[in-house]
Amino acid sequence: MIKKYYLGLDNGTTGTTALLLDETWKQVGRGYKELTQHYPQDGWVEQDALEIWESILYATSVACETAGILPEQISCLGLDNSGETVVLWDKFTGLPVYNAIVWQDRRTARYCDSLKEQYGEYVKQHTGVMIDSYFSATKIKWIIDNVEGVKEKIAARRILASTLDGWIFWKMTHGSLFITDASTASRTLLMNVHKGQWDDGLLELFGVGRDMLPEIRDSSAVFGYTDPLEFLGARIPIAGACVDQQSSLFGQACFEPGMTKCTYGTGCFMLMNTGSNIVESSHGILPTVAWRLGGTISYALDGGVYVTGAATQWLRDKLRIIGTAAEAEIMAVEAKDNGGVYFVPAFFGLAAPYWDSYARGVMIGVTGGTSREHIVRATLEATAYQVKDILDAMNEDAHMPIKRLRVDGGSVVNKFLMQFQADILGIPIDIPEIAETTALGAAYLAALAVGDFTSLGEISANWKLARSYEPNMSMDQRQTLMHKWHKAVERAKNWAEE
C-alpha cells in the first residue's frame, strides 16, 4: 500500500518550518530555516522575500530527507503565513520591488493617525479592526508612494501585491496561481469582513488597485499544483491556506465557540473561536476571520503581543546575557523572584489591548542588587503578563469565560514560563503532543480539501494532550504582580511620540 504524507508549511516571522506527517498523523520529518530581519530605521522591520522563498524550498528538502521520502511522495501541502507582512513584485521579472515589510513595522503609524478621525469608524465597520500600521494596507501604500518606479510599473500593470502566501504560491506554481484565503485577507484592512471580498471603498481609501491583489479563496480547497521546475521536481496539490494564528487555532482543533488557544513565538497570539458571530470588542481585541470552509466563514477574536520570544532573542543576541534560549529557564528559576524588576518589551509599540504605536521598551525597578537572573526572569514574566492582559479583555468581550487554554509554539518547552503562565492566568493550560500546531493546522486544511478527512470531528479526534500545568499562585500574589506590571506599562506608553 502506498503511504500518504502531508506537508504543513509554516512561514513564520523568524523562520520557516516544514512539517511532514504520515497517514496516522505522526510527525515523521521536519525542516527549519531561520530568516533574517532587517531594521533600517527605528520602528522599521523588513525581510528579503527571495530569502523567504528559498527558505520554503530548503525547509521542505530537509523535512523530506529526515522522513526518508522524496518530495513527489507528498500527498498534498498546506501553507500558513505571517499575516500582515506584504511584498510587491514585478510579475514580468519575478523580482520584488522592495523588501517585504513585516507586520511589526511601524513606519506608517503617523499616516494611520491622520486617517483615524475621519475614517476610523468606516474602516472598523467594514473590516472589524481599527486603522493601524500593524495591518497590510498602509504598508502597500508606503511602497507605492516611496519606491522609485513602482507607480509607473503599476500603470503598466506589472505589479502584484500580496501577503506572503500570495507570493509563495505564485513562486511555487511559476506564476500560475495568485491567491490568498479569507483569513489572511482579513488582516489587510482591504477586505470586507462580512462579505469575504475586497472592498471598493477600502481599496480607494488606501490607493490599492484590485488588479494588483490575489483572488480571495476558501482556506481549504485544491487551489492548484506545484510546478516541478520550481518546487523540488514535484507536482503536489496545494490545498490549504491560512494566516498563521488561525492555522494554529485549526491545528489545536478549537472548532467550538469559546475554545481558545495561545501561540508563543516571536510574538504571542491568543485566538478564541466565536463561530458564525463577529464579536465586537470594546477592549482592543480584534474580531477576525478564523477560516472559510465551503464558502462559510467562521470568526474569531484575536489578541496579539508584538514581542515575547523576540525579547529572549534580544537577551541572547544584543545583550548577550544568555547563550541559548534554554538558559533563560535555568536562570529564571535560579532568580527565585523578579527582584522587583519589570520589563515591558515594547520594541515596536504595544498591541492589544493598548494599541500604542509610540510605546517603547522599559525596564523598571532596577537597583544595585539587580542581577542578570532578575532581568532574564522579568523578560519571561513579561510574556505571561501580556497574555493575561489579553485573556482578561477577551473574557470581557466574549462573555464566554476561558476555563482552559490550549498553548503551542517554541516557548512551551520552557517549564518555568508555562507554570508561571498558568499561575498568572489562574486556569490550567494544555500542551498537545504536536506543539507545532501552526504547521499542523495547514496540513489538516490540505488533507480536508483532498478528502482524507470528512469532518472537523475526525480532526478533533487526533488532538492528544502531552502535558497540563495547573495554577498554584494565590489571588493576592497574582493581583500584586499584575498591579506592578500595569504601572510599568503606563511608563512605557507614548514614549517615541515625545
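Before reading further, recall that the structure is shown in the block above.
Residues numbered from 1 in each chain as written. Predicted model: local features only at pLDDT ≥ 70, side-chain atom pairs only at ≥ 80, totals over all residues. Heavy atoms only, no water.

Helix and strand counts for the protein chain stand at 15 helices and 24 strands. A globule of 498 residues ought to have a C-alpha radius of gyration of about 23 Å, and the protein chain, at 22 Å, matches this closely. Principal-axis analysis of the C-alpha atoms places the extent of the protein chain at approximately 60 × 60 × 45 Å. Residues counted as buried form 61% of the 498 residues belonging to the protein chain. (Helix = DSSP H or I, 4+ residues; strand = E, 2+ residues; numbered from the N terminus. Rg over C-alpha atoms; globule rule 2.2 N^0.38 Å. Buried < 20%, exposed > 50% of the residue type's maximum accessible area, 1.4 Å probe, protein only.)

Before going further, it helps to examine the environment of Tyr444. When you line up the elements, Tyr444 lands in helix H13 (residues 437-449). On a C-alpha basis, the gap between Tyr444 and Trp170 in space is 22 Å, while along the polypeptide they are 274 residues apart. Sequence-distant contacts of Tyr444, that is, excluding residues within four places in its chain, are made with Trp25, Phe250, Gly251, Phe453, Ile459 and Asn462. (Contact = heavy atoms within 4.5 Å.)

Two strands in a sheet stick together by hydrogen bonds in their backbones, pointing the same way (parallel) or opposite ways (antiparallel). As summarised here, the arrangement of the six strands in space is S3-S2-S1-S5-S15-S14, forming an open sheet in which the pairing is mixed. Sheet topology places strand S3 (27-34) and strand S14 (220-225) at the edges, where each strand pairs with a single neighbour. Averaged over all adjacent pairs, the angle separating strand axes in this sheet is 25°, with direction ignored. Bridge count between strand S5 (residues 74-81) and strand S15 (residues 237-243): five bridges; the pairing is parallel. Each bridged residue has a counterpart across the sheet, and for Leu79 the counterpart in S15 is Ala241. Sitting on the sheet, helix H1 (residues 49-67) touches strand S1 (5-11), strand S2 (15-22), S3 and S5, and the angle it makes with S3 is about 150°. Packing of helix H8 (residues 244-251) onto the sheet brings it into contact with S1, S5 and S15, and relative to S15 it is tilted by some 105°. (Pairing = 2+ DSSP bridges. Axes fitted to C-alpha atoms, helices over the stretch in contact; angles between N-to-C directions.)

Attention now moves to the packing of aromatic side chains. Counted according to the given criterion, the structure contains 29 aromatic pairs. Ring pairs connect the aromatic residues Trp103, Tyr134, Phe135, Phe269, Tyr306 and Trp355, which therefore count as one cluster. The positively charged end of Arg406 is found above the aromatic ring belonging to Trp463, 3.7 Å away from the centroid. (Phe/Tyr/Trp six-rings, centres within 6.5 Å; stacked < 30°, edge-to-face > 60°. Lys NZ or Arg CZ within 6 Å of the ring centre and 35° of its normal.)

Scanning the entire structure with this criterion turns up zero disulfides. There is no disulfide at Cys262, and the cysteine sulfur nearest it, in Cys268, is 3.7 Å away. (Disulfide = S-S within 2.5 Å.)

To continue, consider the sheet that holds strand S24 (residues 465-469). With mixed pairing, seven strands are arranged side by side in an open sheet as S18-S19-S17-S16-S22-S23-S24. Each of the sheet's edge strands pairs with one partner strand only, and the pair in question is strand S18 (286-293) and S24. Each strand of the sheet is rotated relative to its neighbour by a mean of 30°, with strand direction disregarded. Pairing of strand S17 (residues 268-275) with strand S19 (residues 296-305), which is carried by seven bridges, proceeds in the antiparallel orientation. Across the sheet, the residue bridging to Cys268 is Val305, located in S19.

This part is about a nonpolar patch on the surface. A cluster of nonpolar residues, Val222, Tyr225 and Val450, forms a patch on the protein surface that exposes about 220 Å² of accessible area. Residue classification places Val222 among the partly exposed residues on the basis of a relative accessible area of 37%. (Patch = residues over 30% accessible without salt bridge, like charges linked within 9 Å, V, L, I, M, F, W, Y side chains within 5 Å. Areas by Shrake-Rupley, 256 points an atom, 1.4 Å probe, with all protein chains shown as cover. Salt bridge = Lys/Arg side-chain N within 4 Å of Asp/Glu carboxyl O.)

Turning our attention to the pattern of salt bridges. All chains considered together, the criterion is met by 22 salt bridges. Among the ionic pairs, Asp105 bridges to Arg107, the shortest N-O distance being 2.8 Å. Exposure class is identical for Asp105 and Arg107. Each is buried. With a closest N to O distance of 3.4 Å, Asp113 and Lys116 form a salt bridge. You can see Asp113 and its partner Lys116 sitting in helix H2 (residues 109-127), three residues apart, about one turn around the helix. A residue is classified by how much of its surface remains accessible, and Lys116, at 33% relative accessible area, is partly exposed. Overlapping salt bridges bring together Glu46, Asp105 and Arg107 as one network.

Below, the discussion takes up the pairing of S17. Along S17, eight of the eight residues are buried, which leaves the element largely enclosed by surrounding structure. A two-sided burial pattern is seen for S17, the buried positions comprising Cys268, Met270, Met272 and Thr274 on one face and Phe269, Leu271, Asn273 and Gly275 on the other. Two strands pair when backbone bridges link them, and strand S16 (residues 260-264) and S17 are joined in this way by five bridges, in the antiparallel orientation. Bridging from a neighbouring strand, Thr263 pairs with Phe269 of S17. In this structure, the hairpin formed by S16 and S17 is closed by a connection of three residues.

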